[in-house]
Amino acid sequence: VQLQASGGGLVQAGGSLRLSCAASGRTFSSFTMAWFRQAPGKEREFVAGISGSGVSTYYGDSVKGRFTISRDNAKNTVYLQMNSLKPEDTAVYYCARSRTLIATISVRVDGYDYWGQGTQVTVSS
């Protein structure tokens, strides 16, 4: 399985970005997917997750109401729409695939076994 994240960049505070994560393999729709982020000197943080069917989503407290996770199983792609961006959202963003087929969305890093390479998001004030 390979995950390829894209869509990062430099944006002013209050702006928007949409991240994409394209996955290889035929079982994409069977797995929960998630976005994490990691700022310099900080631990990797759960941002948002979505079940395989797309019915269930879950968000970290710091992004609720501003970010939206979605997926297109026909395209093997998961998205993260980020609105009302703040300087504290600056980080490298990673997409990840759940370690198991259980639909529960884990917020733990060790709940995921395949990771994309990361895409940098920088929000200027």
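These remarks concern the structure in this document. (Residues numbered from 1 in each chain as written. Predicted model: local features only at pLDDT ≥ 70, side-chain atom pairs only at ≥ 80, totals over all residues. Heavy atoms only, no water.)

We now examine the state of the cysteines. What the rule picks out here adds up to one disulfide. The disulfide partner of Cys21 is Cys95, and the S-S distance across this bridge is 2.1 Å. Looking along the S-S bond of the Cys21-Cys95 disulfide, the torsion reads about 65°, which is the right-handed sense. Within this pair, whereas Cys21 is found in strand β3 (residues 17-23), its partner Cys95 is found in strand β9 (residues 91-98), the two being separated by 74 residues in sequence. The buried category is assigned to Cys21, whose relative accessible area is 0%. For Cys95, a relative accessible area of 0% corresponds to the buried category. (Disulfide = S-S within 2.5 Å. Helix = DSSP H or I, 4+ residues; strand = E, 2+ residues; numbered from the N terminus. Buried < 20%, exposed > 50% of the residue type's maximum accessible area, 1.4 Å probe, protein only.)

To continue, consider the environment of Lys42. With respect to the element layout, Lys42 can be found in the loop between β4 (33-38) and β5 (45-50). The sequence separation of Lys42 and Gly111 amounts to 69 residues, and the corresponding C-alpha distance is 19 Å.

Read from one edge of the open sheet, four strands run β1-β3-β8-β7, paired in antiparallel fashion. Each edge of the sheet is formed by a strand with only one pairing partner; in this case those strands are β1 (3-6) and β7 (67-72). Across the sheet, the axes of successive neighbouring strands diverge by a mean angle of 15°, strand direction being ignored. Pairing between β3 and strand β8 (residues 77-82): six bridges, direction antiparallel. Residue pairing across strands places Cys21 opposite Val78, the latter belonging to β8. (Pairing = 2+ DSSP bridges. Axes fitted to C-alpha atoms, helices over the stretch in contact; angles between N-to-C directions.)

The next point concerns the nonpolar core. Soluble globular proteins tend to pack their nonpolar side chains together in the buried interior. Formed by 26 residues in total, the largest nonpolar core has its most connected members in Trp35, Leu80, Met82 and Tyr93. Counting only elements with at least two residues in this core, the list comes to β1, β3, β4, β5, β7, β8, β9 and β11 (119-124). It is β3 that provides the largest number of residues to this core, a total of four residues. In this structure, Ala34, Phe36, Ala96 and Tyr112 belong to the second largest nonpolar core, which totals six residues. (Core = buried A, V, L, I, M, F, W, Y, C linked by side-chain atoms within 4.5 Å.)

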